[in-house]
Every structure is written in C-alpha cells, then in structure tokens.
Amino acid sequence: MKRRFLVGTSVVAALLAVGGAACTSMSHNPPKTAGPNNVPPSAAKVVSNVLSRDLAAVRNSLVPQLASRVNVNMLALAGTRVVVQSGSWRQYGDEASLSAVVTVPRHPAVTEVFYLVRGEGRWLVLFTDAP
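Residues numbered from 1 in each chain as written. Predicted model: local features only at pLDDT ≥ 70, side-chain atom pairs only at ≥ 80, totals over all residues. Heavy atoms only, no water.

Attention shifts here to the nonpolar core. V47, L62, W89, L98, F114, L116 and V125 are the most contacted members of the largest nonpolar core, which has 31 residues in total. Elements represented by at least two residues in this core include exactly α3 (41-50), α5 (64-67), β3 (95-103), β4 (110-119) and β5 (122-129). With sequence-adjacent residues up to four places away left out, L98 is seen in contact with V39, A43, V47, V84, S88, W89, E112, V113, F114 and L116. (Core = buried A, V, L, I, M, F, W, Y, C linked by side-chain atoms within 4.5 Å. Buried < 20%, exposed > 50% of the residue type's maximum accessible area, 1.4 Å probe, protein only. Helix = DSSP H or I, 4+ residues; strand = E, 2+ residues; numbered from the N terminus. Contact = heavy atoms within 4.5 Å.)

Structure below.
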C-alpha cells in the first residue's frame, strides 16, 4: 500500500478501490499489441491526465463512475510527472493496460499499471495498480 501512497493522489486510490473487479476478463484472453512503440496516443494522454492538476482533464480521463467522485482536493501534487512506458500496451478487445512511471516531488519514482476501458468512443482509465 505504501507504493500506491507515493503516487500522491486520492484519484489513484479511488481507482484501486472501484475498478478491480471490472477487468477480470483481461487475464483470460491473449493480448493484442501493435508494435514496439505500441501505446496509442489517446491512451497515453488519458493516463497522463489522471494525474493532472486540471480537474476537468482528470474527470474526462476516468470512467463516469469515478469521474463524479473526483474533486479538487484529490488532484496530484504540483510537479507530478507521468511517463508512459513504450511497448507496455496490452489490449483485450475493449479493455487494455499499460505501464507508466509516476514521479511525485520528493518521492522515488513508482511504476504503475493503468487499466483502461473503451467507453464513449475513447479510452478511459478504470483503475491502477503497482505491479
């Protein structure tokens, strides 16, 4: 649990609490990948936006069930950085995952796995977990 705390946001904690059961089918189907630099730009953007200081950007990147729960007190600390790892994209139909290195000021970097679902015609973050 300490690793998740280092991410520095209640948004990520909320993602962990709500989304776990929703992607249970992901481990049963073989993933599709799209090449060495396979992370779709739209997926990378929503992952980065989850740790934004812009409340609207955070909400627009989350599944609706979570977006309505996020408020300004849950935003990432100023200076938080997210670097999506190239080649980490795994797609299972309308579900996917990718890895990103999250750096919060004054804390060591943490690798997180972000789970996404296709909704409203775009990728949305469902939950995250440390590997």
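So, next bit.
According to the stated counting rule, one finds 1 salt bridge in the structure shown. E120 serves as the salt-bridge partner of R122, at 3.6 Å between the closest nitrogen and oxygen. What makes R122 partly exposed here is its relative accessible area of 29%. (Salt bridge = Lys/Arg side-chain N within 4 Å of Asp/Glu carboxyl O.)

We now examine the pairing of β3. For β3, a buried count of 8 out of 9 residues is recorded, marking the element as mostly surrounded by other parts of the structure. Summarising the sheet, strand β1 (residues 81-84) and β3 pair through 4 bridges and their orientation is antiparallel. The residue of β3 that forms the bridge with V82 is V102. In terms of strand pairing, strand β2 (residues 90-92) meets β3 through 3 bridges, oriented antiparallel. Note on β3: the bridge partner recorded for R90 is S97. (Pairing = 2+ DSSP bridges.)

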